[in-house]
Amino acid sequence: MIKKIKGTNDVIEDLYIWEWVEEKFRNVAKNLGFLEIRTPIFEATELFNRSVGTDTDIVQKEMYTFEDKGGRSITLRPEGTASVMRAFVEHSLDSKGLPQKFFYIGSMFRYERPQAGRLRQFHQYGVELIGSPLPIADAMVILMATESLKAIGLSNFKLKINSTGCEKCRPRYKEALREYYKPILAKLCDDCQTRYDKNILRLLDCKRDVEYAKSAPNIIDYLCDDCKSHFEGVRRLLDTLGLEYEIDPSIVRGLDYYTRTVFEIKYPSLGAQDAILGGGRYDHLVEELGGKPTPSVGFAAGMERIMIALKAENKLPSPPIPDVYVVTVSEGQRPHALKISRELSKTFSVDVDLMGRKLKSQFKNASKEGARYVLVVGEDEIKSGTYTLKDMSNGNQMKLSLEDVMKHLEKTL
RNA sequence: GUGGCUGUAGCUCAACUGGUAGAGCGUCGGACUGUGGAUCCGAAUGUCGCGGGUUCAAGCCCCGCCAGCCACCCCA
C-alpha cells in the first residue's frame, strides 16, 4: 500500500471544521480591510535565504529544496511572509498607496521530525500590514490575532509580547548578554554552549537553564529611545483595547527579519509545541528584497495547532448533514427520484440512494447520516403527485405536493 | 539530526512461558418484501508494518528498515 509521506496529513472527516475556521478568519481579516493573497507554493531558494536568514535553522536544515529541470534552485515555502513581500516588491504595490494589507491561508513545508502539533506540510493563516512604522500598525496586527482566535471561540490563550530592538540597540544588548553568560558558560547545558556562539538570544528560552535566564539582562533596559517609545506606544494601544498581555523577555523569534515588536500567542495545554501564533515587525525586509524602505508588521498562525486547541476547548461547529434524503421503494422510481433530487438540491442539501438498497436500508442510511427529512418516492407518490415527507426527528409523516414539500422545508429548516 | 515508546481486521484492542489469529465496535445482509435510531441472528474482511535471521515451529525471540506517537532541537 502506498502511504502518505511522513509528516503529512489527509483531512477527510474534519474538513468541515477547517472550512468553518477559515471562513471565520477570512471574515475578521476582510472586515478590517485586508485583502486575501495567494502566492506560489514554491519560490526561488534565494528568496528564503535572503529573508528568513542564512543562519536560521529553517534555512540551514528545514527547507525542501530541489533543482528543477531547468537547473534552478527551488524551495517549497517554509513560511508565508517572504512570498508576500516578494510579490509586494515585484508588482510595485507601493504605487497603489500605503499601507497595503494582506492575509493568506495555505500550506507551508518544513523538513522536521513530526511530533504533537508539528508536521512537515502544515498550514498557516497569516497577515501582513505593509508600510506603516507606527505603533498603531503593531496594535492592529495583534488585535487581528486575538480577534481571529476569539471568532472561533478560543479563550484559553495567552498573548506575550517583547521588543527585540533595532540594529542600533540590539548589538549593545547582545554584548551585555555575552558578558553575563561568559563566567557561567561552563555550567550551562550542551545546547546552550553552542547557542552562546550561534545565537545568544536563544539562551533566554532554554528549557533547562531557566534560572540563569531569569536574572539575565533584560532587553527592555537596553532599547534605544526610539525603540523604547515605540514599544511603549504599542503597549498603550493594547491597554486601550483592553487586551491582556504579558511582557516576556524570553520571546526571541527564530527568523532573522524581525525588528522591534515580537509577539506570540501560546496555548499552554498543547504540549511542547504550544505556540499557536507568532509574529512581529520587520522593518527592513522590503529593502532586503530590493524595494524601498517599507516598515511592516505581521503574524502567522498554525492551523493544525489551532485545530487541536479547538478540540481541546470543545468549540467545534456541527458537522454537515443532509436536509433531505430521497428514498425509493423500487427500481422503477429511481429516474423520478433523481429528478426530484435535482430540484431539491437547488435549495437544500440532498442525499439519495446510489447503491440500490432496499427501502429499509435507505431509511437506516438516512438516519445514520442525520438527515432531517426523508422524502419517499414510491409508486403511490408518483401516481398521485403527492410525496411522503417524514420528519426524522419525531417520525411524523405527511403527504405533500413537491411545491409544498419545498415550502415546508424552507419554513422548518 | 538525537532519544524513548509503539506497529495484529476499517477502528479500539486480545492471543498463557514461541505451537501457526480472536473479541467488541463499524460495514453488509436477514428477522421486518412501503419506513430509521432498539433487539436478535448471520456474513465478509487480516501478506500479524516490511525484509532478513534463530528454531522442527515465530504475531511472540534477534538484527535492519519503514511508519506512528512523545520529547530534544527549532518553530506555527
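Provided above is the structure to which this section pertains.
A brief look at the structure comes next. Given the structure is predicted, the values throughout are model-derived calculations rather than measurements.

The rules behind the values
Residues numbered from 1 in each chain as written. Chains lettered and ligands numbered in written order. Predicted model: local features only at pLDDT ≥ 70, side-chain atom pairs only at ≥ 80, totals over all residues. Heavy atoms only, no water. Helix = DSSP H or I, 4+ residues; strand = E, 2+ residues; numbered from the N terminus. Contact = heavy atoms within 4.5 Å. Axes fitted to C-alpha atoms, helices over the stretch in contact; angles between N-to-C directions. Left-handed = near helix turned anticlockwise from the far one by under 90°. Nonpolar A, V, L, I, M, F, W, Y, C, P; charged D, E, K, R; others polar. Buried < 20%, exposed > 50% of the residue type's maximum accessible area, 1.4 Å probe, protein only. Salt bridge = Lys/Arg side-chain N within 4 Å of Asp/Glu carboxyl O.

## Structural notes on the environment of V262
Logical step 1: Turning to its location among the elements, V262 is positioned in strand β9 (residues 259-266).
Logical step 2: Each C-alpha atom of the pair V262 and E304 lies 22 Å from the other, and the pair is 42 residues apart in sequence.
Logical step 3: When near neighbours in sequence (up to four residues on either side) are disregarded, V262 contacts K160, I161, N162, S163, T164, I251, R253, G279 and G280.

## Some details on the packing of helix α1 (residues 15-31) against helix α5 (residues 135-151)
Logical step 1: Where α1 meets α5, the closest approach of the two axes is 9 Å, and the angle between their N-to-C directions is 145°. Between α1 and α5 lies a crossing whose hand is right-handed. Contact with α1, carried on its side by K24, F25, V28 and A29, involves M144, E147, S148, L149 and A151 of α5 and no other residues of that element.
Logical step 2: When the residues that make up the contact of α1 with α5 are grouped by side-chain class, the tally is 6 nonpolar, 1 polar and 2 charged.

## A few points about the environment of P133
Logical step 1: In this fold, P133 is placed in the loop between β6 (121-130) and α5.
Logical step 2: Overall, the relative accessible area of 42% leaves P133 in the partly exposed class.
Logical step 3: Measuring from C-alpha to C-alpha, the distance between P133 and V297 comes to 8.5 Å, with 164 residues separating the pair along the chain.
Logical step 4: Those residues in contact with P133 that lie beyond four places of it in its chain are H230, R281 and P295.

## Some details on the pattern of salt bridges
For side chains bearing opposite charge, pairing can occur when the charged atoms are close.
Logical step 1: Taken as a whole and assessed by the stated rule, the structure comprises 26 salt bridges.
Logical step 2: The shortest N-O distance in the salt bridge between E36 and R26 comes to 2.8 Å. With a gap of 10 residues between them, E36 in strand β1 (residues 35-36) and R26 in helix α1 connect regions that are remote in the sequence.
Logical step 3: A cluster of three or more residues bridged by salt bridges with shared partners is formed by E22, R26, E36 and R38.

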